[in-house]
Amino acid sequence: MSHIVTIETRLHDSAALTAACRRLGLDEPAYGNVRLFSADATGLSVKLPGWQYPIVVDTAEGSIKYDNYEGRWGDSAELGRLLQMYAVEKAKLEARKKGYCVTEQTQQDGSIVVQIAT
């Protein structure tokens, strides 16, 4: 029996974020205080391809702080790719913790089907 799930992604898991970055060929997240255009942010910073400033993830809140100047300083599609990979990696980590088998398949439209079985 299959189920369709919609996920609102909040980034609380640093291991899943690190796995997502590795999978996308990005540098691993680094914890620290980062200067964005007009403010500082503290958390795990990730440099996305083509972005002028990194994103900063606050894992306690699950939030992301960034400044891409409405797309002028970075393509939001890159952030979308990171969020997608985070969701996939987080689902896989949680399923494996419970002893489930996990497979995934990337579709032609870029979506990813994650199958979890006992």
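For the structure itself, consult the block above.
Residues numbered from 1 in each chain as written. Predicted model: local features only at pLDDT ≥ 70, side-chain atom pairs only at ≥ 80, totals over all residues. Heavy atoms only, no water.

Engineer: Please give an account of the overall build of the chain that cites residues and values.
Structural biologist: Within the chain, the regular secondary structure consists of two helices and six strands. Along the chain, from the amino end to the carboxyl end, the secondary structure elements read α-β-β-β-β-α-β-β. Structurally, the chain occupies a C-alpha span of about 50 × 30 × 25 Å along its principal axes. Relative to its 118 residues, the chain shows a buried fraction of 37%. (Helix = DSSP H or I, 4+ residues; strand = E, 2+ residues; numbered from the N terminus. Buried < 20%, exposed > 50% of the residue type's maximum accessible area, 1.4 Å probe, protein only.)

Engineer: Go over the packing of aromatic side chains, please, and point to the residues and values.
Structural biologist: Under the counting rule described, the total for this entry stands at five aromatic pairs. Chaining the aromatic ring pairs together yields one cluster made of Phe-37, Tyr-53, Tyr-69 and Trp-73. (Phe/Tyr/Trp six-rings, centres within 6.5 Å; stacked < 30°, edge-to-face > 60°.)

Engineer: Report on the pairing of strand β6 (residues 112–117), specifying residues and quantitative values.
Structural biologist: Where strand β5 (residues 101–106) lies against β6, six bridges are found, and the strand directions are antiparallel. Following the sheet pairing, Thr-103 is matched in β6 by Gln-115. The antiparallel pairing of β5 with β6 creates a hairpin that spans five residues between the two strands, and Gly-110 there sits at a positive phi of about 95°. (Pairing = 2+ DSSP bridges.)

Engineer: I'd like to hear about the nonpolar core, residue by residue, with values.
Structural biologist: Across soluble globular proteins, you tend to see nonpolar side chains buried next to one another. The biggest cluster of nonpolar side chains holds 18 residues, and the ones touching the most others in it are Leu-17, Val-46, Leu-48, Ile-55 and Leu-82. Element by element, the count of residues in this core is highest for helix α2 (residues 76–97), at five residues. Each residue touching Leu-48, except ones within four places of it in the same chain, is listed here: Leu-26, Ile-55, Glu-78, Leu-79 and Leu-82. (Core = buried A, V, L, I, M, F, W, Y, C linked by side-chain atoms within 4.5 Å. Contact = heavy atoms within 4.5 Å.)

Engineer: Describe the pairing of strand β1 (residues 30–35), and please don't skip the residues or the numbers.
Structural biologist: For a regular strand, side chains alternate in direction, first toward one face of the sheet and then toward the other. Bridging between β1 and strand β2 (residues 40–46) involves six bridges; their strand directions are antiparallel. Looking at the pairing, Asn-33 lines up with Thr-42 of β2. From the end of β1 to the start of β2, which pair antiparallel, there are four residues.

Engineer: If you had to explain the pattern of salt bridges to someone new, which residues and values would you point to?
Structural biologist: Summed over the entire model, instances satisfying the criterion amount to twelve salt bridges. Residue Glu-70 is joined to Arg-72 by a salt bridge in which the shortest nitrogen-to-oxygen separation is 3.8 Å. Side by side, Glu-70 and Arg-72 carry an identical accessibility label, which is exposed. Between Glu-104 and Lys-92 there is a salt bridge, with the nearest N and O atoms lying 2.9 Å from each other. Taken together, the residues span a long stretch of sequence, with Glu-104 in strand β5 and Lys-92 in helix α2 at a distance of twelve residues. Glu-104 sits in the partly exposed class, given a relative accessible area of 29%. Look at Lys-92 and you get buried, because its relative accessible area is 12%. One salt-bridge network, held together by shared partners, links Asp-13, Lys-90, Glu-94 and Lys-97. (Salt bridge = Lys/Arg side-chain N within 4 Å of Asp/Glu carboxyl O.)

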